[in-house]
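Below are the chains, spelled out letter by letter.
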There are 2 protein chains.
Amino acid sequence: MEILKAGILVIGDEILSGRTHDTNSNFIAKKLNDSGISLEEIKVIKDQKTVIIKNIKSFKNKYNYVFTTGGIGPTHDDITAESISEALNLRYCFHDEAYRILENYYPKGEFNIGRKKMAKMPENAELIVNPMTVAPGFIIENIYVLPGVPEIMQKMFINVLQKIKTGTPKKTLTINTNLYESTISVDLEKIQKKYTECNIGSYPFFNYIKKTGGVNIVVSSWTLDDLSVISKEIENMISLLGGKSLIV
Amino acid sequence: MEILKAGILVIGDEILSGRTHDTNSNFIAKKLNDSGISLEEIKVIKDQKTVIIKNIKSFKNKYNYVFTTGGIGPTHDDITAESISEALNLRYCFHDEAYRILENYYPKGEFNIGRKKMAKMPENAELIVNPMTVAPGFIIENIYVLPGVPEIMQKMFINVLQKIKTGTPKKTLTINTNLYESTISVDLEKIQKKYTECNIGSYPFFNYIKKTGGVNIVVSSWTLDDLSVISKEIENMISLLGGKSLIV
């Protein structure tokens, strides 16, 4: 079974300085997961040409889909489109349709150099229409270039997702228990070792006020159609250890 | 001027599936920024030994500090400590003090294999004490290994930060304006080109309900002591373009 793989490049100094909390990668991650595309890596990098070029080159060869966010606005620090052109050895030039869309949008005489810049991208790029603030994103090879502003990025990403090849979502099942991770770890590992076609993840949670806690056990598989045998075994284990379980 | 550099490795399938929204890297990013340590890269990677090993090797050579979050619990999917041992060619073994701390914490007879696992780390690691749930993190070479649960990670990271060499924070100043990015982009670039010792970042914001928007212009520098000349020039530019500005 061939699994489609993706990587996200979050481009922006403001994320690395902590000024902006990136929410785009979590949004994209969830949607990819629901679409049966395996997100392999998220990387937050600087607004620096050499860094962007290096990462674009590496990601485009590793993954079926590369999604970038940020750095496609009108200012001097928006260098994503230019850097991607260079990474792909493509001319960085005006996209006719993007130019027309932007020219029509701004009042006559106000289509300045900064605004024109948003129509520049690698030659032969395909536009990703921006239904909110006009300035488009673009697709070149397997790279999907999206803006950083979350509300706009989300709308554009959803449009992209409707057009690309997706897969069958990973089958997933979550079992919640009031037992601690360290109580179940030995037995849970035995179950994981028995069922190699699934991944069993264990995610503790704590309520510091109530002084309680527990674990969400996530069973997931790309290949199995039915996880109920495994979940029954886990529920049984929890019960034998004196805990409660709930499929959530 | 030597600038201390850091990288963050967020280890966990649950971030890549979108199930968990990583807040740890933003927390660390802010604190590093305030401490004059330049965060160069954040990478979210899978719970996979080969992937962890490869990234640890690369990060530890690139940065003064490597911070990892996640994967140090008691379950089979917690493989950070073992993977780091392997990456550094160090024995993965019980840490005496960690063993004692954990042994004392659990009721007699309940210090099981999973719990004991949390005392295993690369040989000669130094503990990072966990004031909340006992299981420690550790320091080995320039790698700081922290848990994934945010409340615990935060407390442990703050303790770490008090012990490591920090720098002089990057001088930063933010100017807010009601003008759009595309209005100021040309003139802002001229100012950036004039002052090469600072970075000028431009971050648009939109209020979709009020249909208004503007930009936060962030001027930052590692070397300049005074940014007021630059900020005056930016304020002046905004005023000439008919906008309002406010240093925030």
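Just so we're clear, the structure is a prediction, and the values are computed from it rather than from any experiment. (Residues numbered from 1 in each chain as written. Chains lettered and ligands numbered in written order. Predicted model: local features only at pLDDT ≥ 70, side-chain atom pairs only at ≥ 80, totals over all residues. Heavy atoms only, no water.)

A. Broad picture of the interface of chain A and chain B. Facing the 58 residues of chain A at the interface are 58 residues of chain B. Across the interface of chain A and chain B, roughly 4600 Å² is buried in total on both sides, 56% from carbon and sulfur atoms. Summed over the three residues of chain A that lose the most area to chain B, namely A:His76, A:Tyr203 and A:Tyr208, the buried surface amounts to 14% of that side. In this structure, the connection of chain A to chain B is made through 4 salt bridges. The closest approach of N and O atoms between B:Glu41 and A:Lys43, which form a salt bridge, is 3.5 Å. At the level of secondary structure, the elements contributing two or more residues to the side of chain A that touches chain B comprise α1 (13–16), α2 (24–34), β2 (37–45), α6 (113–117), α7 (150–163), α8 (181–194), β10 (199–207) and β11 (212–221) of chain A. Top contributing element to the side of chain A that touches chain B by residue count: α8(A), with 8 residues. Tallied by class, residues from the side of chain A that touches chain B come to 21 nonpolar, 22 polar and 15 charged. Sheet analysis places β2(A) next to strand β2 (residues 37–45) of chain B, joined by 3 bridges and oriented antiparallel. Paired with A:Val44 across the strands is B:Ile42, a residue of β2(B). (Contact = heavy atoms within 4.5 Å. Buried area = accessible area lost by both parts, 1.4 Å probe. Salt bridge = Lys/Arg side-chain N within 4 Å of Asp/Glu carboxyl O. Helix = DSSP H or I, 4+ residues; strand = E, 2+ residues; numbered from the N terminus. Nonpolar A, V, L, I, M, F, W, Y, C, P; charged D, E, K, R; others polar. Pairing = 2+ DSSP bridges.)

B. Spotlight on the packing of α2(A) against α7(A). All names here are of chain A. At a minimum axis separation of 10 Å, α2 and α7 run at an interaxial angle of 20°. Regarding the angle of α2 to α7, the classification is roughly parallel. The crossing of α2 and α7 is right-handed. Where α2 approaches α7, its residues Asn-24, Phe-27, Ile-28, Lys-31 and Leu-32 are matched on the opposing element by Pro-150, Met-153, Gln-154, Phe-157, Ile-158 and Leu-161. (Axes fitted to C-alpha atoms, helices over the stretch in contact; angles between N-to-C directions. Parallel < 35°, antiparallel > 145°, perpendicular 65-115°, else oblique. Left-handed = near helix turned anticlockwise from the far one by under 90°.)

C. Quick look at the pattern of salt bridges. Across all of its chains, the model carries 22 salt bridges over all chains by this definition. With its nearest N and O atoms 2.8 Å apart, the salt bridge here joins A:Glu86 to A:Lys49. Placement of A:Glu86 in helix α4 (residues 80–87) and of A:Lys49 in helix α3 (residues 49–62) is noted, with a sequence separation of 37 residues between them. The network of salt bridges with common partners includes A:Glu41, A:Lys62 and B:Lys43.

D. Spotlight on the pairing of strand β1 (residues 4–11) of chain A. All names here are of chain A. Burial analysis of β1 places 7 of its 8 residues in the buried class, which makes it a mostly covered element. Inspection of the sheet shows β1 paired to β2 by 8 bridges, in the parallel sense. Paired with Val-10 across the bridge in β2 is Val-44. With 5 bridges connecting them, β1 and strand β3 (residues 65–69) associate as parallel partners. Across the sheet, the residue bridging to Leu-9 is Thr-68, located in β3. (Buried < 20%, exposed > 50% of the residue type's maximum accessible area, 1.4 Å probe, protein only.)

E. Structural detail: the sheet that holds strand β11 (residues 212–221) of chain B. All names here are of chain B. The sheet built from 4 strands is open, its strands ordered β10-β11-β9-β12 with antiparallel pairing. A strand with exactly one partner marks an edge of an open sheet, and here the two such strands are β10 (199–207) and β12 (245–247). In this sheet, neighbouring strand axes are inclined to one another by 20° on average, regardless of whether the strands run parallel or antiparallel. The pairing of strand β9 (residues 171–177) with β11 spans 7 bridges and is antiparallel. Looking at β11, one finds that Leu-173 is bridged to Val-219.

F. Region of interest: the relation of the copies chain A and chain B. The transformation that overlays chain A on chain B combines an axial shift of 0.0 Å with a rotation of 180°, and the residual RMSD is 0.0 Å. Seen this way, the second copy is the image of the first under a two-fold rotation axis. Across chain A, the rotation axis passes nearest the C-alpha of A:Lys43, at a separation of 2.2 Å. Looking at the interface residues of chain A, 100% of them are also at the interface in chain B, so both copies use one shared face. (Least-squares fit on C-alpha atoms with pLDDT ≥ 70 in both.)

G. Quick look at the packing of helix α8 (residues 181–194) of chain B against helix α9 (residues 228–240) of chain B. Residue and element names in this part refer to chain B. Running from N to C, α8 and α9 point in directions that differ by 160°, and their axes come no closer than 10 Å. Taken as axis vectors, α8 and α9 run roughly antiparallel relative to one another. In this structure, the crossing between α8 and α9 has a hand that is right-handed. Contact with α8, carried on its side by Ile-184, Asp-187, Leu-188, Ile-191 and Lys-194, involves Ile-230, Glu-233, Ile-234 and Met-237 of α9 and no other residues of that element. Considered class by class, the residues forming the contact of α8 with α9 number 6 nonpolar, no polar and 3 charged.

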